[in-house]
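Working through the structure, step by step
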Amino acid sequence: MRKSIKMIAIARARKASLAASGYMLKIKKFKVYLLVSSAVGLMSVGFHHSAGLSQSPQARVQLTTEPPISQIIPFEAEASKPQLPVKLTLQAVDAAGKPLTNASINLKIFTPTRNPWLTTDFPIVEGTKLLDIQAIAPQGKLQVQQILPIRGNYQLQVNVTPITPNAFTPIQQNLNLSVPENGVKYRNFAILAIILLLVGLGGGWVIGGRQEIQPGEIAPQRVRLLLSGATVVAIIALLGVNLSSEIAQSQTSHGEHHHHEATADNHHASAAEPETDNYDIVKQQGLEVQLLGDGSATVGKTDKLQVQVVDEKTKQPVSDVLVNIKTKSLEDGWVPFAYQGIPDANGRLSWEQQFFDGAPHNIQVEVSPQPSASRQFSPLRVQKDIDVEGVAPPVSIRLVVLAYLTGIIIIGLLVGMQLRRKLTLQH
């Protein structure tokens, strides 16, 4: 009896201990569950918070062009009428999309990178800096007019800083502007390729026929006639190229001589009339306007230029004026660059530009008063002539182009020979 009671007590104690251990296990699992769910909740909150920060709008620079990007074409040197520059408008806005005021904007434009296998009309310009301008933007807007010389993807580096310290967070942004090739270039290349292909096809047709070599002859008569004709065409082409280059050089020398004579005449006129505004410095109406910079430039490199406006008597800077800059080609009269803005607190407006075509240019600057300025005066004009040194394309580029043209002729030659042989076998 006592043994059975003891056994029952032991069984109940084991059952109670098992129940207690199961309860403790459930508590531990519940704690682990609470810990995991809390961690997941904190991670989700942090994730949503970070995602909200990353998706929140930020201050940025907006780019618009005139004409639209789809209608922009590269510079065409042989265009029938002067080509207009592209108007680039940069607007700095805050996170809410409102314009940033009292800003200083630095814009750098870089040309498309160099491709040795598909070169452009200006291979020296590829992968170089085209423009670098520092502008004061009271309404956060910068607007320049710039000719884009070649096809490809242009890179615009924009830095926007506040004139008043800590007025807003500075902006650094890279913008891309893709310029397609002019459709006329594809058409002209297709016509040239067809002509070269036909020339090779005709030569292959002649060479591919049955030719009998007479005693004492190096090659058949038709082959000799074909080679003689090709030699005559090559000589005529070389003469044409040399004559055209000589004519162009003589015209350039005549133009430079005429330009120097005109400059000398203007200098004599300036001696008689000291208050002239035809040169890089003018002192009139209590103001002194000066156009600083080197008078020579090289293709592929930028030329540093600066306009400075000071009071003629006190030599203090004058900044409440409008500065209108226009660069003009002296050969064809087209405008590669134009800008209207205001100088900084030191009365200066600085920029760098590249003269990519190798022709001499004239820089014209007009300084006029702002409508709200206390000092009102008649517009003052200064100008400066820039002699540009051209750079010949590398020999490697010429060899690549020659290889393409020769390859087209060889393809036509092989096709012509094959067709002639097939026709001969059939008969």
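Bear in mind that the values here come from a model prediction, so they are computed numbers and not experimental data.

Conventions used here
Residues numbered from 1 in each chain as written. Predicted model: local features only at pLDDT ≥ 70, side-chain atom pairs only at ≥ 80, totals over all residues. Heavy atoms only, no water. Helix = DSSP H or I, 4+ residues; strand = E, 2+ residues; numbered from the N terminus. Buried < 20%, exposed > 50% of the residue type's maximum accessible area, 1.4 Å probe, protein only. Contact = heavy atoms within 4.5 Å. Areas by Shrake-Rupley, 256 points an atom, 1.4 Å probe, with all protein chains shown as cover. Pairing = 2+ DSSP bridges. Axes fitted to C-alpha atoms, helices over the stretch in contact; angles between N-to-C directions. Salt bridge = Lys/Arg side-chain N within 4 Å of Asp/Glu carboxyl O. Patch = residues over 30% accessible without salt bridge, like charges linked within 9 Å, V, L, I, M, F, W, Y side chains within 5 Å.

The subject of this paragraph is the overall build of the protein chain. When helices and strands are counted, the protein chain shows 4 helices and 16 strands. Residue burial in the protein chain is summarised as follows: out of 427 residues, 31% are buried. Taking the intrachain contacts of the protein chain between residues at least 6 apart in sequence as the baseline, contacts between residues at least 24 apart amount to 69%. Accessible surface, the protein chain as shown: approximately 27000 Å² in total, 60% of it carbon and sulfur.

Quick look at the sheet that holds strand β5 (residues 141-146) now. Strands sit in the order β1-β2-β5-β13-β12-β15-β16-β10 across an open sheet of 8 strands; the sheet is mixed. Each edge of the open sheet carries a strand with a single partner, namely β1 (60-66) and β10 (296-298). Across this sheet, the average inter-strand angle for adjacent strands is 20°, counted without regard to direction. By the bridge criterion, 3 bridges tie β5 to strand β13 (residues 337-341) in an arrangement that is antiparallel. For V144, the partnering residue across the bridge sits in β13 and is Y339.

Here the idea is simple: oppositely charged side chains can pair when their charged atoms come close. On inspection of all chains with the given rule, the structure shows 10 salt bridges. For K129, the salt bridge identified is with D132, shortest N-O distance 3.5 Å. Judged by relative accessible area, D132 falls into the buried class, the value being 11%. The partner of E288 in a salt bridge is K315, and the shortest N-O contact between them spans 2.6 Å. Of this pair, E288 sits in strand β9 (residues 287-293) while K315 is found in the loop between β11 (302-311) and β12 (321-329), placing the two residues 27 residues apart along the sequence. Its relative accessible area of 10% is what places E288 among the buried residues. On the accessibility criterion, K315 (45% relative accessible area) is partly exposed. A network of salt bridges, in which partner residues are shared, links E76, D121 and K185.

Taken together, the side chains of L197, W205, I411, V415, L419 and L423 present a nonpolar region at the surface, about 500 Å² in accessible area. Among the elements that line the nonpolar patch, the one with the most residues is helix α4 (residues 395-426), at 4 residues. Among the secondary structure elements, L197 is positioned in helix α2 (residues 183-208). On the basis of relative accessible area, L197 is assigned to the partly exposed category, the value being 39%.

For the rest of this paragraph, the subject is the environment of A373. Structurally, A373 can be placed in the loop between β15 (361-369) and β16 (380-389). Each C-alpha atom, one on A373 and one on V321, is 7.6 Å from the other, the two residues being 52 residues apart in sequence.

Right, let's talk about the pairing of β9 for a bit. Bridge count between strand β8 (residues 281-284) and β9: 4 bridges; the pairing is antiparallel. The partner of V282 across the bridge, within β9, is V289. Two successive antiparallel strands, β8 and β9, enclose a turn made up of 2 residues, where Q285 displays a positive phi of approximately 55°. Where β9 and β11 come together, 7 bridges link them in antiparallel fashion. Each residue of the ladder has a partner; that of V289, found in β11, is V309.

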